[in-house]
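Take a look at the letters that make up each chain.
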Amino acid sequence: MREGKEGAEGGRPPIQASSGARRQPSPREVFLGSHLYWQNHDLLWEPVSRSDLGEENWLHLAYADKTLVTQIDGLGAAAATTQ
């Protein structure tokens, strides 16, 4: 084994942020995609699209502290809307 200063990544020094760097939050809607499953009043999952809900409602969902479902049993919500 080699002796010396090694970072957690096998020999590379750890990345240091500059003292003035600030983390910016990632936009959640980018990772959400354009479709999701929505649980209706009968508690059944139905696929809906961003355009079905409207931009304001879509962004509200994206930033709400709730789990969003984009796939059920391997079937993505976008694919389910075309069946």
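Here, the structure is the one placed above.
Note that this is a predicted model, so its numbers are computed, not measured.

Draft legend 1. Broad picture of the layout of surface pockets. What the largest pocket holds in volume is close to 220 Å³. Leu36, Tyr37, Trp38, Gln39, Trp45, His60, Leu61, Ala64, Lys66, Thr67, Leu68 and Val69 together form the lining of the largest pocket. Of all the elements in the fold, those that place two or more residues in the lining of the largest pocket are strand E1 (35-39) and helix H3 (55-63). The greatest single-element share of the lining of the largest pocket, amounting to 4 residues, is contributed by E1. Of the residues assigned to the lining of the largest pocket, the class counts are 8 nonpolar, 3 polar and 1 charged.

Draft legend 2. H3, seen in detail. The complete set of buried residues in H3 reads Trp58, Leu61 and Ala62. Looking straight down H3, one finds its buried side chains confined to an arc of 100°; they lie on one side. Residues of H3 that are exposed and point more than 90 degrees away from the buried face comprise Glu56 and His60. Looking at the buried side of H3, the elements it contacts are helix H1 (28-32), E1, strand E2 (45-49) and helix H2 (50-53).

Draft legend 3. Region of the structure containing the side chain of Glu29. Relative to the elements of secondary structure, Glu29 occurs in helix H1. Although buried, Glu29 forms no salt bridge, and the nearest oppositely charged side chain, Arg50, lies 5.5 Å from it. A polar side-chain atom of Glu29 sits 2.6 Å from a polar atom in the side chain of Tyr63.

Draft legend 4. Quick peek at the pattern of salt bridges. Per the stated rule, a full pass over the model turns up 1 salt bridge. As a salt-bridge pair, Glu55 and Arg50 come within 2.8 Å of each other at their nearest N and O atoms. Exposure remark for Glu55: the relative accessible area of 44% places this residue in the partly exposed category.

Draft legend 5. Unusual backbone geometry, seen in detail. Notably, Leu43 is not glycine yet its phi reads approximately 65°, a positive angle. Residue placement: Leu43 occurs in the loop between E1 and E2. Judged by its relative accessible area of 59%, Leu43 falls in the exposed class. For Asp73, which is not glycine, the phi dihedral falls at a positive 50°. Relative to the helices and strands, Asp73 is located in the loop between strand E3 (71-72) and strand E4 (75-76).

Rules of the game
- Position numbers for residues count from 1 along each chain, tracking the sequence in the order it is written.
- Where totals are concerned, whole chains, interfaces and linings use all residues; where local detail is concerned, this predicted model gives features only for residues with pLDDT of at least 70, and gives and counts side-chain atom pairs only at 80 or more.
- By convention in this description, side-chain values take in all heavy atoms of the structure and omit both hydrogens and water.
- Grid spacing is 1 Å over the protein atoms alone, the probe is 1.4 Å, and a cavity is where that probe fits but cannot get out, while a pocket is an open set with protein on both sides within 12 Å along at least five of seven lines and lining residues have an atom within 4 Å of a point.
- Grid points are joined across faces, edges and corners, and a volume is the space filled by probe spheres set on the points.
- The helix and strand labels rest on DSSP assignments: H or I over at least four residues marks a helix, E over at least two residues marks a strand, and numbering proceeds from the N terminus.
- Polar here means any residue outside two lists: the nonpolar Ala, Val, Leu, Ile, Met, Phe, Trp, Tyr, Cys and Pro, and the charged Asp, Glu, Lys and Arg; Gly therefore counts as polar.
- In this scheme, a residue with accessible area under 20% of its type's maximum is buried, one over 50% is exposed, and one in between is partly exposed, where area comes from a 1.4 Å probe on protein chains only.
- In this description, one arc is meant: the one made by directions from the helix axis to the C-beta atoms.
- Whether two residues are in contact is decided by their heavy atoms: any pair within 4.5 Å suffices.
- Here Asp and Glu are counted as negative and Lys and Arg as positive; His is not counted, and neither are the chain ends.
- Take a side-chain nitrogen of Lys or Arg and a carboxyl oxygen of Asp or Glu: if they are within 4 Å of each other, that pair is a salt bridge.
- Polar contacts, as used here, are pairs of N or O atoms within 3.5 Å; protein pairs need one atom able to donate a hydrogen and one able to accept it. Residues neighboring in sequence count only if both atoms are side-chain atoms.

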